[in-house]
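The primary structure of each chain is shown beneath.
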Amino acid sequence: MFPQLATRGLSATQAIYNKEFTTYRKVLGETTALADLDFYCVYGCPASAPTNRFFQGQFSSLYAWTTNGSSSYNAGQFVLRHPLSHGFQGDLSYTLGNSIDEGSDAERSSEKQGGPGSYLTNSFIPSQTRAVSDFDTRHLITANGSYLLPFGQNQMFGGHVSHLTDLVIGGWRVASIVRWTSGLPFSLSEGGFTTDWEIASFGVKTGNFKAKKVYNPGNVPNAFGTALATQITGSITTGGPLERLPYPGEAGQRNNFRRDGYFGADASLTKPFKITESQLVRFTWEVFNISNSVRFNAVSGNLTSGTFGNYSSTLTTARRMQFSLRYSF
């Protein structure tokens, strides 16, 4: 197939292995080696071995739409509601859910626009990317409540105070909403293009390890910790004992790790000041992320990147407050 490589005492197979596979397998993948040989003619393309035997002359990848994808979502929900009584109302809910699909974005998204898992790496076997959805949230707890503080006229405390005193101590209401989720899924990816030239496949787990939130004092937080991340990237060339690169034809393992989940607690304090029957001033103080909690988001999952495992963004923002006065007439 590539007789021009059979030089200097090497067979073409040996030359391909020495010049392409051992050099570029880790960072570029097998399909790039094939492109070098067949499309770019890096080693020459004589008449006896013409170009584009495998790659079409104008395109490296041809994308098409199909409707044969599948997805499923199953969940159970528990809800506890407290109707308005004695100034308080609230809800508490828990959802146990599981979402599975072959791609979590619309398939019409291009390979450059969609995120990981939004396209089929191996269109001959779409089920290779079947896994939990990118947005799969296994456990979700939400709680919200509103409470009118029992101060002022017709309340438990200060029920008979003057109108002026009631204007100061009465009508204060606190409210809050809290949301917590279990860890959200993410994948590890190869550095090259083993199966689809344009789209990277996912890595394949061969050892017993998992992601967790790890703080590295003085360094960027890492989903595995610096020591374990080094072991993972160091094992992919030999195919173990923790992680290996995918083989040609494989899409790899999608969304088989969990990063941080989301946690947020917001609250507000409001007070209406009634001036006349038709005039009202409402004061509001709102606090977002009361606990100033940090939850990490995107993980650098490229197995050949120097930033492998590093968190690059957060799901949460720092604590914020805002105040407002509204005059209604």
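The following paragraphs examine the structure supplied in this document. These numbers come from a predicted model, not from an experiment.

Criteria and thresholds
Here the residue numbers are simple positions, counted from 1 along each chain's written sequence. Local features are withheld for residues below a pLDDT of 70 in this predicted model, meaning they are given only at 70 or higher, and side-chain atom pairs are given and counted only at 80 or more; totals for whole chains, interfaces and linings count all residues. Neither water nor hydrogens contribute to the side-chain values; these are computed over all heavy atoms in the structure. For helices the rule is a DSSP run of H or I covering at least 4 residues; for strands it is a run of E covering at least 2, with both sets numbered from the N terminus onward. Two things to know: the radius of gyration comes from C-alpha atoms, and the globule rule equals 2.2 Å times the number of residues to the power 0.38. In what follows, residue pairs with any heavy atoms lying within 4.5 Å of each other are defined as contacts. Asp and Glu count as negative and Lys and Arg as positive, but His and the ends of the chain are not part of the count. Here the site of a charge means atom NZ of a Lys, CZ of an Arg, CG of an Asp or CD of a Glu. Counting of polar contacts relies on pairs of N or O atoms within 3.5 Å, with two restrictions inside protein: one atom must be capable of donating a hydrogen and the other of accepting it, and residues adjacent in sequence are counted only when both atoms are side-chain atoms. The salt bridge criterion pairs a side-chain nitrogen of Lys or Arg with a carboxyl oxygen of Asp or Glu, the two atoms within 4 Å. Buried means the residue's accessible area, taken with a 1.4 Å probe over protein chains only, is under 20% of the maximum for its type, while exposed means over 50%, and partly exposed covers the values in between. Criterion for a disulfide: a pair of cysteine sulfur atoms within 2.5 Å. Think of a patch as exposed residues, more than 30% relative accessible area, with no salt bridge, where like charges cluster within 9 Å and nonpolar side chains (Val, Leu, Ile, Met, Phe, Trp, Tyr) cluster within 5 Å. Using a 1.4 Å probe, the Shrake-Rupley method yields the accessible areas, and only the shown protein chains count as cover for residues. This arc corresponds to the set of directions leading from the helix axis out to the C-beta atoms. Here, nonpolar core means buried Ala, Val, Leu, Ile, Met, Phe, Trp, Tyr and Cys residues that are tied together by side-chain atoms lying within 4.5 Å of each other. Two strands are counted as paired when DSSP detects at least two bridges linking them. Only Phe, Tyr and Trp rings take part, Trp by its six-membered ring, and two of them pair if their centres are within 6.5 Å. Stacked means planes under 30 degrees apart, edge-to-face means over 60, and tilted covers everything else. Distance and angle both matter: a charge sits over a ring if NZ of Lys or CZ of Arg is within 6 Å of the ring centre and within 35 degrees of the ring normal.

Looking now at the overall build of the protein. A tally of helices and strands in the protein yields 4 helices and 12 strands. For the protein, whose C-alpha radius of gyration is 29 Å, the value lies well above the compact-globule estimate of 20 Å for 329 residues. With the C-alpha coordinates of the protein rotated into their principal frame, the extents come out at 105 × 45 × 35 Å. Of all intrachain contacts in the protein linking residues separated by at least 6 positions in sequence, the fraction that spans at least 24 positions is 68%. A gap of 8 Å separates the mean positions of the 27 positive and 22 negative side-chain charges of the protein.

Position of Arg319 among the secondary structure elements: in the loop between strand E11 (280-288) and strand E12 (320-328). For Arg319 and Ala35, which are 284 residues apart along the polypeptide, the C-alpha to C-alpha distance reads 51 Å. Reaching out from Arg319, the side chain makes a polar contact with the backbone oxygen of Ile290 at a distance of 2.8 Å.

In the structure shown here, the tally under the stated rule is 8 salt bridges. We note a salt bridge from Arg81 to Asp91, for which the minimum N-O separation is 3.4 Å. Placement of the pair is Arg81 in strand E1 (residues 71-85) and Asp91 in strand E2 (residues 88-101), with a sequence separation of 10 residues. Given a relative accessible area of 29%, Asp91 falls into the partly exposed group. The partner of Asp134 in a salt bridge is Arg254, and the shortest N-O contact between them spans 3.2 Å. With Asp134 in the loop between strand E3 (131-132) and strand E4 (139-148) and Arg254 in the loop between strand E8 (243-244) and strand E9 (257-258), the pair connects residues that are 120 residues apart, well separated along the chain. Through salt bridges with shared partners, a single ionic network connects Asp101, Asp134 and Arg254.

Inspection of the entire model under this criterion finds 1 disulfide. A sulfur-sulfur separation of 1.9 Å characterises the disulfide bridge that pairs Cys41 with Cys45. One disulfide, between Cys41 and Cys45, carries an S-S torsion of -100 degrees and so falls in the left-handed class. Judged by its relative accessible area of 27%, Cys45 falls in the partly exposed class.

Together, Phe78, Leu80, Leu92, Ile141 and Trp180 line one region of the surface with nonpolar side chains, adding up to about 450 Å² of accessible area. Of note, Ile141 is situated in strand E4.

Now for helix H4 (residues 226-235). Listed in full, the buried residues belonging to H4 are Ala229, Ile232, Thr233 and Ser235. All buried residues of H4 fall inside an arc of 165 degrees around its axis, so they share one side. Turned more than 90 degrees away from the buried face of H4 sit Ala227, Thr230 and Gly234, all of them exposed. On its buried face, H4 is in contact with E8.

This paragraph deals with the nonpolar core. Counting residues in hydrophobic clusters, the biggest one holds 17 residues, and the most contacted among them are Phe186 and Phe224. If we ignore the near neighbours within four places in the chain, the residues touching Phe186 are Ala211, Ala223, Phe224, Asn255, Asn256, Phe257, Arg258, Arg259 and Val299. If you look at the next biggest cluster of nonpolar residues, it comprises 5 residues, including Phe2, Leu5, Ala12 and Leu37.

Here 13 bridges tie E1 to E2, and the two strands are oriented antiparallel to one another. Opposite His82, over in E2, you have Gly90 as the bridge partner. Where E1 folds back onto E2 in an antiparallel hairpin, the turn is made up of 2 residues, including His86, whose phi is positive at roughly 55 degrees. Across 9 bridges, E2 lies against E4 in antiparallel orientation. Bridge pairing links Ser93 to Thr142 in E4.

Inspection of the entire model under this criterion finds 18 aromatic pairs. On the numbers, 5.4 Å between centres and 20 degrees between planes, the contact of Tyr17 with Phe21 is stacked. Residue Tyr17 and its partner Phe21 are both found in helix H1 (residues 12-24); the two are separated by 4 residues, about one turn of the helix. Among the residues examined, Tyr17 registers a relative accessible area of 45% and is labelled partly exposed. The exposure class of Phe21 is partly exposed, given its relative accessible area of 33%. Among the aromatic residues, ring-to-ring pairing joins Phe186, Phe209, Phe224, Phe257 and Phe308 into one connected group. Here the guanidinium or amino end of Lys205 rests over the ring plane of Phe209, the centre of that ring lying 5.0 Å away. Against the face of Tyr247 rests Arg244, its NZ or CZ located 3.9 Å from the ring centre.

Of note, Asn52 is a non-glycine position whose phi angle comes to about 60 degrees, a positive value. Tracing the backbone through its elements, the reader meets Asn52 in the loop between helix H2 (30-38) and E1. Judged by relative accessible area, Asn52 falls into the partly exposed class, the value being 29%. The backbone phi angle of Asn154 is positive, close to 65 degrees, even though this residue is not glycine. Owing to a relative accessible area of 74%, Asn154 belongs among the exposed residues under this scheme.

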